[in-house]
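Chains, contacts and geometry: an overview
What follows is the residue order along each chain.
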Amino acid sequence: MIDRHIGFVHALRETGLPVSLAEGLDAAHALRHIDLADRETLRQAYAATLVKRPQHREGFDVLFDLWFPSTTQGPPKHRGDDPEDLRTELAELLKGNPGDPGFRAFAQAMVERFGRVQAGPGRQSWFSYPVMRALSPQTLIARLLGERGGLPEKLARQRITTNIAAFEAEVATDVRRRIAEEQGRERITRSAVKPPIDHRDFLRVTKAELAEMRREIHPLARRLATRLSMKHKKGDRGRLDFRRTVRASLQSGGVPLTTHLKPRRPHKPELVVVTDASDSVSGFAQFTLLLTFALREQFTKVRAFAFVDTVDEITEYFAPGADVLDAITRMTTEADISRFGRTNYGHVLKTFEERHADALTPKTSLLILGDARSNYQPPNTETLKRLAGKVRHAYWLNPEPRGQWDTGDSVASGYAAMIPMYECRNVRQLAAFIEETDVGG
Amino acid sequence: MTWFASPSEAVTRLRQTGYLSDDAIATSVFLAGVLEKPLLAEGPAGVGKTQLAKAIAEAADADLVRLQCYEGLDEARALYEWNYKKQLLRIQADDDAWDDIFAEEFLLERPLLKAIRSERPTVLLIDETDKADVEVEGLLLEILSDFQITIPELGTISAARRPFVVLTSNATRELSEALKRRCLYLHLDYPTPERERDIVLAQVPGIAEALAEQLARTAATLRALELKKSPSIAETVDWAHTLLALGREVLDEQTVAETLGVVLKHHSDQQRAAKELGLR
């Protein structure tokens, strides 16, 4: 048990979960008190002692299933060979509760039945894709919905899609277990665990991940807002409050022993965001736009502009209380941001200076978001320099890894010479940027 | 003392107080008891974090001491304070009293000190830890790792018996690594529809099982939408009360549209839900 415990903790560290020595010891202590045969309790005991961030939980579960695999429930009972019968059985299960043991047993049996595939000459391996293809649970939805239309259908659909996702997860877990059994745990550990959501690359996110990231936004915005307001409070106190000082001096016979100072007026800066809305950086742009508008209470004024090869103001689409998803759709259809559909930074900067230069004042912080890939058009760096000269702060956030700057049509360092440019590839780096720099103050 | 004998016992005893737990909750509560470590419960608002602490206190027949955190909370409000008015009076009454004024009778107990000195089993609830300033975390570190408080005039006070500490946080800011390392961590999230149905049934006597089921499913569907604020368990329970008061027995489109305000408190969220669920 000790060996397995040590191995498991090592594997967690290897995949980027920070487990300190003390936490490892806590987990070992916890193991003494629980019933080790109960797998779920064991999982929760490890989770409670080792996993201190919700983002790490997903990776932890994957690893736990590999190191403490569930036992298969005896020989699989005979099932009909006809895929149609199996589909009927799956349909029954999808109506039920994914927590019940039959659900997992069925998933394991299906991997046994369909999951083994030739992976190369003379080599066989396990995959979840053929299982899902053979059963194609998505096509069962129509059959299962029964009642059509209105609320009941929505509720049923929600339930079934959740259950299908649960089934898919069970299948994937079992596939990983079988691979680990045949080829060893270490082999699969690294490939099985995805980095936590705040480490994932903006430019490579899938649609589902993007939705997940959007959910991260509000906590992040709130966190940033509290941080910013704390910064304000900690700053020096303001000028002498004469009235209060004299009033207080009455207690000491007119001698002003304690001075009272006026609290400093919080500085509420204006923010101008100019964001690249072309397809190559859309994930990044969506995310940062949402964040900008989540932060708007913090700023007296937020104005946002989007561009592809020409630039237009998009502030109105993100009015307070507006639905963010609608806003993004409206922005892409209604705003005049694209002429030929190929990013052209030089032209964008020029147009911005011509049409919207009034947005920039000495109180403004200017934030440009984009990959600085200008399709070999003239970059117009001088314009950027003039724009940066008008504002209090100017920053450029680039969603590309630093190593790729200046490759191909990127003119990153040309712009970086004019205003500070930061690599901003994931939520973590974005948070770090806002905490380090004083966009808010 | 042992707080709970096993995770399953924790489940039963929490259930007796009306708190429905699951594997994760029961195991961490049990472990926090046997390892004598603080339990940090984090999660969105209204999933029963504070309620958990209350349920533990009730299940273990312990006193509940609550420290509500807020911006600007300081030692004097969290730990202890000298009752200087009383001290002043004492000095005025007796000129030789200078040595006596830092004694027990002039000490004002605040929640943390009270929990440490208590002779009875105590559950110490430190609520909304993320709202407090970072300095307070430093203050908590000494108390949570050694269960002792140093008062310069009186010396170090160690815990008579270690309290069961529950910290809650809405994750509006990241708590420090040092604090997290000392705690067991429990992430409380929205429950599965099955568990939520049971919660509604337990909290709202007189509600039909079918309606509770529908409510739980609808709440789950609402949470799957991208809303500004997803409905919490507390709001689902409120919803159940509302329907009961209105005498509704099924949750159809009409009813949902009329009572949506109970669960969704943002106009844009209501519009979105109405659109996605096909109301009106």
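Residues numbered from 1 in each chain as written. Chains lettered and ligands numbered in written order. Predicted model: local features only at pLDDT ≥ 70, side-chain atom pairs only at ≥ 80, totals over all residues.

Relative orientation and spacing of two packed helices are given, respectively, by the angle between their axes and the distance between those axes. Put simply, helix H9 (residues 150-183) of chain A and helix H10 (residues 209-224) of chain B touch, their axes get as near as 9 Å, and they point 70 degrees apart. Between H9 of chain A and H10 of chain B, the crossing angle belongs to the class labelled roughly perpendicular. Seen from H9 of chain A, the contacting residues are Lys154, Leu155, Gln158 and Arg159 of chain A; seen from H10 of chain B, they are Arg217, Thr218, Ala220, Thr221 and Ala224 of chain B. For the contact of H9 of chain A with H10 of chain B, the class distribution of residues is three nonpolar, three polar and three charged. (Axes fitted to C-alpha atoms, helices over the stretch in contact; angles between N-to-C directions. Helix = DSSP H or I, 4+ residues; strand = E, 2+ residues; numbered from the N terminus. Parallel < 35°, antiparallel > 145°, perpendicular 65-115°, else oblique. Contact = placed C-beta atoms within 7 Å. Nonpolar A, V, L, I, M, F, W, Y, C, P; charged D, E, K, R; others polar.)

Here we take up the domain arrangement of chain B. All names here are of chain B. The domains assigned to chain B are domain 1 (7-187) and domain 2 (193-277). Taking the mean C-alpha position of each, domain 1 and domain 2 sit 34 Å from one another. Between domain 1 and domain 2, the residue contacts involve eight residues of the former and nine residues of the latter. Looking at the side of domain 1 that touches domain 2, its residues break down into four nonpolar, three polar and one charged. (Domains from an automatic or database assignment.)

Counting residues in each nonpolar core, the largest one holds 118 residues, and the members touching the most others are Leu39, Ile56, Val166 and Leu186 of chain B. Looking at this core element by element, the count peaks at eight residues for H9 of chain A. Contact partners of isoleucine 56 of chain B, with chain neighbours within four places excluded, come to Val29, Val123, Phe164 and Val166 of chain B. Within the second largest apolar cluster, 51 residues are counted, among which are Ala304, Met331, Ala359 and Leu360 of chain A. (Core = buried A, V, L, I, M, F, W, Y, C linked by C-beta atoms within 7 Å. Buried ≥ 20, exposed ≤ 12 C-beta atoms within 10 Å, placed from the backbone.)

Residues and elements named next belong to chain B. Across the sheet, which stays open at both edges, the five strands sit in the order E2-E5-E8-E1-E9 with parallel pairing between neighbours. Strands at the two margins of the open sheet, each flanked by one partner only, are strand E2 (63-68) and strand E9 (184-187). Strand-to-strand twist of the sheet, defined as the mean angle between neighbouring strand axes without regard to direction, takes the value 20 degrees. Where strand E5 (residues 122-127) meets strand E8 (residues 164-169), four bridges bridge the pair, whose relative direction is parallel. In the strand pairing of E8, valine 123 is matched with phenylalanine 164. (Pairing = 2+ DSSP bridges.)

Contacts between the two partners involve 35 residues from chain B and, on the opposite side, 37 residues from chain A. Of all the secondary structure elements, the ones that give two or more residues to the side of chain B that touches chain A are helix H2 (23-35), helix H8 (177-182), E9, H10, helix H12 (253-259) and helix H13 (267-277) of chain B. Tallying contributions element by element places H2 of chain B first for the side of chain B that touches chain A, with seven residues. Taken together, the residues of the side of chain B that touches chain A break down into 13 nonpolar, 10 polar and 12 charged.

Moving on to the packing of helix H6 (residues 101-114) of chain A against H9 of chain A. Residues and elements named next belong to chain A. Axis separation between H6 and H9 bottoms out at 9 Å; the angle between their running directions is 55 degrees. With respect to their mutual orientation, H6 and H9 come out oblique. In the crossing of H6 with H9, the sense of the turn from one axis to the other is right-handed. Between H6, through Phe103, Arg104, Ala107, Gln108, Met110 and Val111, and H9, the contact on the second element is made entirely by Phe167, Glu170, Val171, Asp174, Val175 and Arg178. (Left-handed = near helix turned anticlockwise from the far one by under 90°.)

Time to look at the confidence of the model for chain B. Should pLDDT be low for a region, the predicted coordinates there are not to be read in detail. Taken as a whole, chain B shows an average pLDDT of 88; of its residues, 99% reach a score of 70 or greater. Reported for the predicted complex are a pTM of 0.76 and an ipTM of 0.88. (pLDDT = per-residue confidence, 0-100.)

All names here are of chain A. Tracing the backbone through its elements, the reader meets serine 338 in the loop between helix H14 (324-334) and helix H15 (345-356). According to the C-beta neighbour criterion, serine 338 is partly exposed, with 17 such atoms within 10 Å. Placed 27 residues apart in sequence, serine 338 and valine 311 show a C-alpha to C-alpha distance of 7.7 Å.

Here we come to the sheet that holds strand E4 (residues 301-307) of chain A. Residue and element names in this part refer to chain A. Here six strands make up an open sheet; going across it, the order is E5-E4-E3-E6-E7-E8 and the pairing mixed. Edge positions in the open sheet fall to strand E5 (311-313) and strand E8 (421-423), since each of these has one partner strand only. Across this sheet, the average inter-strand angle for adjacent strands is 20 degrees, counted without regard to direction. Here strand E6 (residues 364-369) runs beside strand E7 (residues 393-398); their pairing, made up of five bridges, is parallel. Residue leucine 369 lies in a different strand from E7, and its bridge partner there is leucine 397. Helix-sheet contacts for H15 involve strand E3 (270-276), E4 and E5, and the interaxial angle to E5 is about 40 degrees.

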